[in-house]
Amino acid sequence: MAAEAAFSFDDYDNVIGFVVSQAGYQLSRGLADAIARAGYDLRPREFPILNRLHQYGRLTQTDLAALTYKDKPAMSRTIDRLIAIGLVEKITAPDDRRAFLVSLTPAGKATRDAIVPLIVAMLEKACRGLSAEAIATTVATLRTITARMATG
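Residues numbered from 1 in each chain as written. Predicted model: local features only at pLDDT ≥ 70, side-chain atom pairs only at ≥ 80, totals over all residues. Heavy atoms only, no water.

A. Focus on the packing of aromatic side chains. The full count for this structure, using the stated rule, is 2 aromatic pairs. Grouping aromatic residues by their ring pairs yields a cluster made of Phe9, Tyr12 and Phe18. One Lys or Arg, Lys90, reaches over the ring of Phe100 and ends 4.5 Å from the middle of that ring. (Phe/Tyr/Trp six-rings, centres within 6.5 Å; stacked < 30°, edge-to-face > 60°. Lys NZ or Arg CZ within 6 Å of the ring centre and 35° of its normal.)

B. Expanded view of helix α5 (residues 72-84). Counted at 1.5 Å a residue, the expected span for α5 with its 13 residues is 18 Å, and the 18 Å between its end C-alpha atoms agrees. Every buried residue of α5 is listed here: Met75, Thr78, Ile79, Arg81 and Leu82. For α5, the angular spread of buried residues about the axis comes to 160°, placing them on one side. Turned more than 90 degrees away from the buried face of α5 sit Pro73, Arg77 and Ala84, all of them exposed. By the N-cap criterion, in which a side-chain oxygen at the helix start approaches the backbone nitrogen of a residue two or three places on, α5 is capped by Asp71, the distance to Ala74 being 2.7 Å. Positive phi appears at Gly86, one or two residues downstream of α5, with a value of about 80°. (Helix = DSSP H or I, 4+ residues; strand = E, 2+ residues; numbered from the N terminus. Expected span 1.5 Å × (residues − 1). Buried < 20%, exposed > 50% of the residue type's maximum accessible area, 1.4 Å probe, protein only. Arc of directions from axis to C-beta. Polar contact = N/O pair within 3.5 Å; in protein donor to acceptor, adjacent residues only side chain to side chain.)

C. Summary view of the pairing of strand β2 (residues 88-93). Two strands pair when backbone bridges link them, and β2 and strand β3 (residues 96-104) are joined in this way by 6 bridges, in the antiparallel orientation. The residue bridging Glu89 from the neighbouring strand is Ser103, located in β3. Counting the residues in the hairpin turn of β2 and β3 gives 2 residues. (Pairing = 2+ DSSP bridges.)

D. Layout of the sheet that holds β2. Pairing is antiparallel across the open sheet formed by 3 strands, whose spatial order is β1-β3-β2. Taken across any chain shown, the strands that pair with only one partner, and hence form the sheet edges, are β1 (59-60) and β2. Bridge count between β1 and β3: 2 bridges; the pairing is antiparallel. Across the sheet, the residue bridging to Leu59 is Val102, located in β3. On top of the sheet, helix α3 (residues 47-56) reaches β1, β2 and β3; it is set at about 95° to β3, its chief contact. (Contact = heavy atoms within 4.5 Å. Axes fitted to C-alpha atoms, helices over the stretch in contact; angles between N-to-C directions.)

E. Spatial organisation of a nonpolar patch on the surface. Together, Phe7, Phe9, Tyr12, Ile16, Val20, Leu142, Ile145 and Met149 make up a nonpolar patch on the protein surface, roughly 780 Å² of accessible area in all. At the level of secondary structure, the elements contributing two or more residues to the nonpolar patch comprise α2 (16-37) and α7 (132-150). A total of 3 residues in the nonpolar patch trace back to one element, the largest contributor, which is α7. Tracing the sequence through the fold places Met149 in helix α7. (Patch = residues over 30% accessible without salt bridge, like charges linked within 9 Å, V, L, I, M, F, W, Y side chains within 5 Å. Areas by Shrake-Rupley, 256 points an atom, 1.4 Å probe, with all protein chains shown as cover. Salt bridge = Lys/Arg side-chain N within 4 Å of Asp/Glu carboxyl O.)

F. Representation of the pattern of salt bridges in the model. Within the structure shown, the criterion is met by 7 salt bridges. With a shortest N-O distance of 2.5 Å, Arg81 and Glu46 are connected by a salt bridge. Of this pair, Arg81 sits in helix α5 while Glu46 sits in the loop between α2 and α3; the two residues are 35 residues apart in sequence, bridging distant segments of the chain. For the pair formed by Arg81 and Glu46, the shared burial category is buried. With a closest N to O distance of 2.7 Å, Lys109 and Asp113 form a salt bridge. Taken as a pair, Lys109 and Asp113 lie in helix α6 (residues 106-127) at a separation of 4 residues, close to a single helical turn. Residue classification places Lys109 among the partly exposed residues on the basis of a relative accessible area of 40%. With a relative accessible area of 31%, Asp113 lands in the partly exposed category.

Given below as structure tokens:
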């Protein structure tokens, strides 16, 4: 009974999927605004690519797609745009001519490094007044949901 009440679509404002979607939308909008104010030509969905390349170094497009939860066609289009604006570069993998390795350019690294403090400030605003424990619990809960949905 409790589970049914927790997922009542008569009280849609409290359905977890809707609330997560709202939070994601607001965070993405806040990131877009911060990036635009700083004068960068970068979309919120492109930042994770820069950040994962910073974190891992050179990656295949396939690995980059998996690490950023993007499908392969969307990843290819996004990488092409990031190449066009000079933030990443792509080379053919030496061991597999069908695969490409993607890495940050110096401009991509500088852009990522300049945007990180903007994101930190935005997240601090979003999480103001929440305890570290509450944030950790939220992150752990969302990771569990993500993992369960990824396995079908």
